[in-house]
Protein chains: 2
Amino acid sequence: MAVTIREVARRAQVSVATVSRSLSSPGLVRQETRERVLAAAAELGYQPNRAARGLITGRTGNLGIVVPDLENPFFTGVLKAVQAQARHADYAVFVADSDEDPVAEVKLLQTMAKQVDGVVLCAPGLTDQQVHEAAEGTPLVLLNRSLPGIPAALMNSADGMRQIVDHLVALGHRRCAYLNGPHTSWSNQERLRGLRPAARRRGLDLVELGPFAPRYEGGLQAADLALAEDVTAIIAYNDIMALGVLARLRDRGVRVPEDVSVTGFDDLTFAALCSPALTTVAMPVAPAGRVAVDLLLDWLAADGGEAPHVTLDTQLIVRGTTAPPSSG
Amino acid sequence: MAVTIREVARRAQVSVATVSRSLSSPGLVRQETRERVLAAAAELGYQPNRAARGLITGRTGNLGIVVPDLENPFFTGVLKAVQAQARHADYAVFVADSDEDPVAEVKLLQTMAKQVDGVVLCAPGLTDQQVHEAAEGTPLVLLNRSLPGIPAALMNSADGMRQIVDHLVALGHRRCAYLNGPHTSWSNQERLRGLRPAARRRGLDLVELGPFAPRYEGGLQAADLALAEDVTAIIAYNDIMALGVLARLRDRGVRVPEDVSVTGFDDLTFAALCSPALTTVAMPVAPAGRVAVDLLLDWLAADGGEAPHVTLDTQLIVRGTTAPPSSG
DNA sequence: AGAAAAACCGTAAACGTTTTCGGGGCTGAG
DNA sequence: CTCAGCCCCGAAAACGTTTACGGTTTTTCT
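Rules used throughout
- Residues numbered from 1 in each chain as written.
- Chains lettered and ligands numbered in written order.
- Predicted model: local features only at pLDDT ≥ 70, side-chain atom pairs only at ≥ 80, totals over all residues.
- Heavy atoms only, no water.
- Axes fitted to C-alpha atoms, helices over the stretch in contact; angles between N-to-C directions.
- Helix = DSSP H or I, 4+ residues; strand = E, 2+ residues; numbered from the N terminus.
- Parallel < 35°, antiparallel > 145°, perpendicular 65-115°, else oblique.
- Left-handed = near helix turned anticlockwise from the far one by under 90°.
- Contact = heavy atoms within 4.5 Å.
- Nonpolar A, V, L, I, M, F, W, Y, C, P; charged D, E, K, R; others polar.
- Domains from an automatic or database assignment.
- Core = buried A, V, L, I, M, F, W, Y, C linked by side-chain atoms within 4.5 Å.
- Buried < 20%, exposed > 50% of the residue type's maximum accessible area, 1.4 Å probe, protein only.
- Pairing = 2+ DSSP bridges.

All names here are of chain A. Taken N-terminus to C-terminus, the directions of helix α5 (residues 73-88) and helix α13 (residues 285-301) make an angle of 45 degrees; their axes are 7 Å apart at the nearest point. One element, α5, and the other, α13, form an angle in the oblique class. Considering only the axes of α5 and α13, their crossing is right-handed. Facing F74, G77, V78, A81, V82, Q85 and A86 of α5, the residues of α13 in contact are V285, A286, G289, R290, V293 and D294. Grouping the constituent residues of the contact of α5 with α13 by class yields eight nonpolar, three polar and two charged.

And the structure:
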């Protein structure tokens, strides 16, 4: 059925070993024969069987990525970049969606383990313990999560929060609300790690509410609570929640940004398209995806030494939902 | 390193053949020894090497999916379902993003061919000829594209358009604009295939504009042209364009739905969240993904006979952007 | 020219499975 | 008691590669 290395060898009048060498380690074969082999391979449309190759080399040529939700634009942004970068290095990528279920996550990791050389893991739900155990089975690189001994691609969301605070304070805000996402999530803790000191340093009065579900409905719920706190600005955990907040405020007749300012986090596509357009902070999802596979590949090659953690900058995007507070 | 079948055999005091049989074809081994083998396998945490298995069985246990853009929620919706359904059947899935580049698409298909048992293909950009050639190399199932001899999972977008027309006519609209997407795309042709006869049958005056880029910017551009045509309703090719239209109309002071009604297509998450919420038609992306892998698996098993095409229903979702035309 | 070194290439083993083939033990019938 | 038949199970071949090893040719040096 499929064309094998033996047929190429026969057509090029050489042994299978020579064919293999011609393709994977040039230097070892005479230029002239190599060309003959390449020609034969091309004519037959030969593609090496990666499974067979992997069997002997111990490397599969595959990467895996597991994400909590494939419909979340944040993760698909990462996925897109991972896929592109992997292809660039001649790796194929397996994708697995855990549906935010921690037990599915470990299961997926286990079954993936044998089929890939490494996996980039986006698993907010796993405990540190579980992640470490998983790292025993397969080379891992974490995305937006920091654990000693495991490489990670991080986004500096703490600094994103710092930028939001600076922005709001510069506009003249003195008291604002933060709508927490899930307490256990690393992302939310990072946000707080940037938010609290920045607020203190700038003398911004900070009211922490929640936690809320990081969804549209969470925003609807949170908006009323925030209004009751008499703040002039609302910092949402992410864009989706911010959209919920905007919707609820509009329903209640509160004008944005005149009466209250609102910020999001993530810079989803729709943050730019809604009206007024949402002030938010852009996450370097594509760079993070690229860095993740670079880290993984380096980690596979030079297996020894420290596990590198690289942090990527976030960027505040000022749009229409923030303005100076009304002087009333 | 990894635990192999040989170690399980040694621990269970049997031959490797017996281990293999115990796992993949029970019936052939005595109940008692089978249990011993299963116990040994469990203790060692044995997972069969799928590459080795695939080498001999000729089946990889992998599925592939290629999409034009992983950041398009439509395709990630499909992907999510495909991934879930594949896992359910104990298949892993490779994903490839062609970035809307037809030549990348054929290249990806070729390299995927050897590694998977079949692929679900979302490739609006390929010619029929190219798709047929690709089908020679790998079992294929098409998504939202119909070609004789190749199984397909289709969404009845023609009927979605029919539903839109019925809805608008019932509201009292007599003249409306359709904003074309890319002329060559199968989706746009399907939309027209539903739209034109429905409009004719209902006596709706139809102004066709475009083609436009199926993006936000395309909507901005199209809105002005539509307004100049003196219509009371605008039917956009998809939700993204519709959002562009809404934004442009608002900028120009045209009220929706009082002055003009607008409809989208796809029912993206954000269609429900913008304000006013968008009237649109929901595509059965998840069912389509599931059906696609079912078709693929059936096609692999019973290789012979007709290539089934299954068509899934679409559903009009009436929200806030459609209303009776102002009597003026 | 002769020998040592280098360059090139073929043979065969190995990777972890599945599966065919055949052998041994047991059962039951003649 | 013998033999056919059946049930289990082990030995070994096969899948398509890569690579260690060794052999043959070519080059290089004296």
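As a further point, take the domain arrangement of chain A. The assigned domain composition of chain A is domain 1 (5-48), domain 2 (60-155 + 285-312) and domain 3 (157-283). The C-alpha-based centres of domain 1 of chain A and domain 2 of chain A are spaced at 35 Å.

Ranked by size, the top nonpolar core spans 153 residues in total, and within it L179 of chain A together with L179 of chain B carry the most contacts. Other than its neighbours up to four places away in sequence, L179 of chain B contacts L209, F212, A222, A226, I234, I235, A236, Y237, M241 and V245 of chain B. Counting residues in hydrophobic clusters, the runner-up holds 40 residues, among them V119 and L140 of chain A together with L121 and A152 of chain B.

So, on to the sheet that holds strand β7 (residues 205-209) of chain A. All names here are of chain A. With respect to topology, four strands assemble into an open sheet ordered β7-β6-β8-β9, the strand pairing being parallel. The open sheet has two free edges, formed respectively by β7 and β9 (261-263), since each of these has just one partner strand. Neighbour-to-neighbour, the strand axes of this sheet turn through a mean angle of 20 degrees, independent of strand direction. When strand β8 (residues 233-236) meets β9, the two strands line up parallel, connected through three bridges. Note that in β9 the partner of A233 across the bridge is S261. Against the sheet, helix α10 (residues 216-228) touches β6 (175-179), β7 and β8, its axis set at about 155 degrees to β6.

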